[in-house]
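# Coordinates in review
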Protein chains: 2
Amino acid sequence: MTDHLGVLALTRRTHEMRVLAALRSRGPSSRAQLAEATRLSRTTLSEIVADLVGRGAVVVTDTDAAQRRGSGRPAALLALDPGSAQFLGLDFGHRRVALAIADPSHEVVAQAEVSYDEGSGWDERVERAVALARRLAKEHHLHFGALQGMAAGVTGRSRTAAEPVVARLLAEAFDVDVTVDNNVRFAGLAEASERGSRSSHAIYLHLSDGVGGAVVVDGRLHQGADRVAGEFGHVVVRADGELCRCGKRGCLETVAGIEALAEADPVQLGRAADAVGTVLGAAVMILNPDLIVVGGRVPAERPEILPLIESAVHEGTAGSAGSRPEVRAAVCGPFAGARGSLIAAIHESPLLAGYDGTVFPTVQRETSRRAIG
Amino acid sequence: MTDHLGVLALTRRTHEMRVLAALRSRGPSSRAQLAEATRLSRTTLSEIVADLVGRGAVVVTDTDAAQRRGSGRPAALLALDPGSAQFLGLDFGHRRVALAIADPSHEVVAQAEVSYDEGSGWDERVERAVALARRLAKEHHLHFGALQGMAAGVTGRSRTAAEPVVARLLAEAFDVDVTVDNNVRFAGLAEASERGSRSSHAIYLHLSDGVGGAVVVDGRLHQGADRVAGEFGHVVVRADGELCRCGKRGCLETVAGIEALAEADPVQLGRAADAVGTVLGAAVMILNPDLIVVGGRVPAERPEILPLIESAVHEGTAGSAGSRPEVRAAVCGPFAGARGSLIAAIHESPLLAGYDGTVFPTVQRETSRRAIG
């Protein structure tokens, strides 16, 4: 049985993609030029363009009067609106929210962060985030009229009570669907998408106060059946180990979190690396990634653990038919969560949903632009 | 940067999907009716229809003369050709090849198997498979003129030397792209797609002479960076365990393969179940599946291991934010590999590649049709 509605929705998206792609590559174009470039019927093209103009993603810039030879009324030239903010990524930490904005070409055009008290509620936190987004938009001459999608990371385990609250508050403020997820998972997505070592099949392990992670499959964040994939911290590594806050004994978190390792001697560090290597080794055999990124306070404060983890992984995966994954420390820094949210928002966009992993934001370029911190 | 060619190819596929979907739901239709149903321009529709007719997927059945009121030439009625075999799935075992054929509605219309000597080479095996396919097609009044895709499973670890040979021989015989992969992985895909317990996020563990498996993510077989994901058998479960054929010590295969368990006492069986539970428990925390299927000779010959595995998995995943995955024995039987190949061929089809997991073959219905064995 075929999902006919699904096909129609997908077709609609690909039509929009074709029009936006043509405007990106051609620059300002008349409707006739767009019809030729996209091979869409005039009726279909009119509908798509009207919708894009209505949402503010496309603007009428000029007419072709200057370059026109023949007779007749000059045709309007359409262009992408460079001032429209298309995607918004947020990362709510314990004491601050970080934010990144992408334009229609999926480039990050602005990013910033603002602090709040650790005890502040979600109303307060979201209000700060919204005010920051509006201030940033004003400073960069951006508008949210064509906002396509938005995602926000929150601390703690996935599917916490906060998620629906944050989603509702942000959706009310920006009138767009919002994806809310764990910010460690978004950081993992940012790390896997990093230019220079971009990977379609990556594992991110976050060793900090808590231990968590993310799995990237085919360039996308793997969600799992209940959207809680990536619980690396609660894989059991010692049958009769310490009691974990989750109620089990011997979870990876009890062995490889910052509490256990901040002042660990080399022997303890080696044992922790072996435990991490066991879990990552199993993950490598099961998932066959080409990249493992380790982030959080542990590799930041005890960088000597990284080569130990790397050799433990290699030992546990020797003889595999797959090639050895690269093992490296996280590089995305304090905006990793916000950038990952942004990438997830782009992935979740209905406009791009049928567009299988080939659109990636060039989130790296913002370093050459002004970052407001 | 946008992949313009990718968008055009995807659009082309969705156009084809719309035409095929309209023919499936409407039955025989004129070009004018198809243009209205699909909202495609006449030029685009003509191109798509000509191509589908050329490939034999669509046939001209009749004209609308009988139902016509107005004047003018009667219009031709187009229909799906029910006699065209669209997808072919094969499973090459040590001593036999199994085969399944799907029609344009993705239903399995024929399946059968034929044996060969264990020592026979690939030329011989593929020749048997091709002869069987042709005989089956003749008996079921099918033709391969519109064959869209084909996949074949082979024994042993993925990416063996056999894969390119098999792919070449089959591609030459049927003039279509062939996906070759490990047949255990294809069996896993079939199990995850089984009607009644269809799962988008599943783990398949195969405990037999060897130990292998498959990971299904978003309804698709997870491949990994080198297409070797699912190496469950070579996850280390005992630091100083028995030497494994892969060169490491204490792999799951040394503990939970049929050789270790065929005559095991309850204590050994319990220990093996614990080892399996450790690996599956880690996989559940990392991947958050809602289904685990255990297949192969071990659960067939020692079914009492299944509840032991189930409780070991639940123990290792207590306190997870996700819900408990169902743990069950394999149900697809001897045609699991061929049916999984068929599903993979449909997934791999360029025609359906942009069509995100929503098309599943109704592979179950062939039980009510004649199976030639």
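The rules behind the values
- Residues numbered from 1 in each chain as written.
- Chains lettered and ligands numbered in written order.
- Predicted model: local features only at pLDDT ≥ 70, side-chain atom pairs only at ≥ 80, totals over all residues.
- Heavy atoms only, no water.
- UniProt positions renumbered as here; feature names shortened; annotations may be inferred.
- Buried < 20%, exposed > 50% of the residue type's maximum accessible area, 1.4 Å probe, protein only.
- Helix = DSSP H or I, 4+ residues; strand = E, 2+ residues; numbered from the N terminus.
- Pairing = 2+ DSSP bridges.
- Phe/Tyr/Trp six-rings, centres within 6.5 Å; stacked < 30°, edge-to-face > 60°.
- Lys NZ or Arg CZ within 6 Å of the ring centre and 35° of its normal.
- Contact = heavy atoms within 4.5 Å.
- Polar contact = N/O pair within 3.5 Å; in protein donor to acceptor, adjacent residues only side chain to side chain.
- Axes fitted to C-alpha atoms, helices over the stretch in contact; angles between N-to-C directions.
- Parallel < 35°, antiparallel > 145°, perpendicular 65-115°, else oblique.
- Left-handed = near helix turned anticlockwise from the far one by under 90°.
- Nonpolar A, V, L, I, M, F, W, Y, C, P; charged D, E, K, R; others polar.

Under an unreviewed UniProt entry, chain A has the name Transcriptional regulator and belongs to Brachybacterium ginsengisoli. Under the UniProt heading Sequence similarities (unreviewed entry), the entry covering chain A gives this text: "Belongs to the ROK (NagC/XylR) family."

Residues and elements named next belong to chain B. Burial analysis of strand β6 (residues 149-154) places 6 of its 6 residues in the buried class, the great majority of the element. Taking every second residue as pointing to the same face, both faces of β6 are buried, with Gly149, Ala151 and Gly153 on one and Met150, Ala152 and Val154 on the other. Sheet topology places strand β3 (residues 87-92) next to β6; 5 bridges connect them, and they run parallel. Along β6, the bridge assignment pairs Gly89 with Ala151.

All names here are of chain A. Counted under the stated rule, the structure contains 4 aromatic pairs over all chains. A centroid spacing of 5.2 Å and a plane angle of 80 degrees characterise the contact between Phe92 and Trp122, whose relative ring orientation is edge-to-face. Of this pair, Phe92 sits in strand β4 (residues 87-92) while Trp122 sits in helix α4 (residues 122-139), and the two are 30 residues apart along the sequence. Stacked on the ring of Trp122, the Lys or Arg Arg125 has its end atom at 4.9 Å from the ring centre.

With that settled, the discussion passes to the side chain of His206 of chain B. Take His206 of chain B: it is sitting in strand β8 (residues 202-207). The contact partners of His206 of chain B, leaving out residues within four places of it in the chain, are Val184, Val211, Gly212, Gly213, Gly295 and Gly296 of chain B.

This part covers the pairing of strand β9 (residues 211-217) of chain B. All names here are of chain B. Across the 7 residues of β9, 7 count as buried, placing the element largely inside the fold. Burial along β9 is two-sided: Val211, Gly213, Val215 and Val217 facing one way and Gly212, Ala214 and Val216 facing the other are all buried. Here β8 runs beside β9; their pairing, made up of 6 bridges, is antiparallel. In the strand pairing of β9, Ile203 is matched with Val215. Adjacent in sequence and paired antiparallel, β8 and β9 are bridged by 3 residues. Examined bridge by bridge, β9 and strand β10 (residues 220-221) share 2 bridges and lie antiparallel to one another. Across the sheet, the residue bridging to Val217 is Arg220, located in β10.

Relative to the helices and strands, Asn182 of chain B is located in strand β7 (residues 178-182). Among the polar contacts made by the side chain of Asn182 of chain B, one reaches the main-chain amide nitrogen of Arg185 of chain B at a distance of 3.1 Å.

What follows is about unusual backbone geometry. Phi at Asn288 of chain A takes a positive value of approximately 50 degrees, unusual for a residue other than glycine. Secondary-structure assignment places Asn288 of chain A in the loop between α9 (266-287) and β12 (291-295). The backbone of His141 of chain B shows a phi angle near 55 degrees, a positive value even though the residue is not glycine. Taking the relative accessible area as the measure of exposure, His141 of chain B reaches 68% and is therefore exposed.

All names here are of chain A. Reading across the sheet, the 5 strands line up as β6-β5-β4-β7-β8 and stay open at both edges, with mixed pairing between neighbours. Strands at the two margins of the open sheet, each flanked by one partner only, are β6 (108-115) and β8 (178-182). For this sheet the average axis-to-axis angle between neighbouring strands, irrespective of direction, equals 15 degrees. Where strand β7 (residues 149-154) and β8 come together, 5 bridges link them in parallel fashion. In the sheet register, Gly153 faces β8, and the bridge partner there is Asp181. Packing against the sheet, helix α6 (residues 183-193) makes contact with β4, β7 and β8, and its axis sits at approximately 100 degrees to β8.

Let us now look at the packing of helix α9 (residues 266-287) of chain B against helix α11 (residues 305-316) of chain B. All names here are of chain B. Where α9 contacts α11, the two axes come as close as 7 Å, and the packing angle between them is 45 degrees. As the angle between them shows, α9 and α11 are arranged oblique. The two elements α9 and α11 cross, and the hand of that crossing is right-handed. Counting all contacts with α9, which are made through Leu269, Gly270, Ala272, Ala273, Asp274, Val276, Gly277, Leu280, Val284 and Met285, the residues of α11 involved are Ile305, Leu308, Ile309, Ala312, Val313 and Gly316. The residue inventory of the contact of α9 with α11, partitioned by class, reads 12 nonpolar, 3 polar and 1 charged.

Further remarks concern the sheet that holds β10 of chain B. Residues and elements named next belong to chain B. Strand order in the open sheet formed by 5 strands is β10-β9-β8-β11-β12, with mixed pairing between adjacent strands. This sheet does not close on itself; its edge strands, each paired only once, are β10 and β12 (326-329). Of the pairings in the sheet, the one linking β8 to strand β11 (residues 291-295) comprises 5 bridges and is parallel in character. Residue pairing for β11: Ala202 is matched across the bridge by Leu291. Where helix α6 (residues 183-193) meets the sheet, it contacts β8, β9, β10, β11 and β12, and its direction lies at approximately 45 degrees from that of β9.

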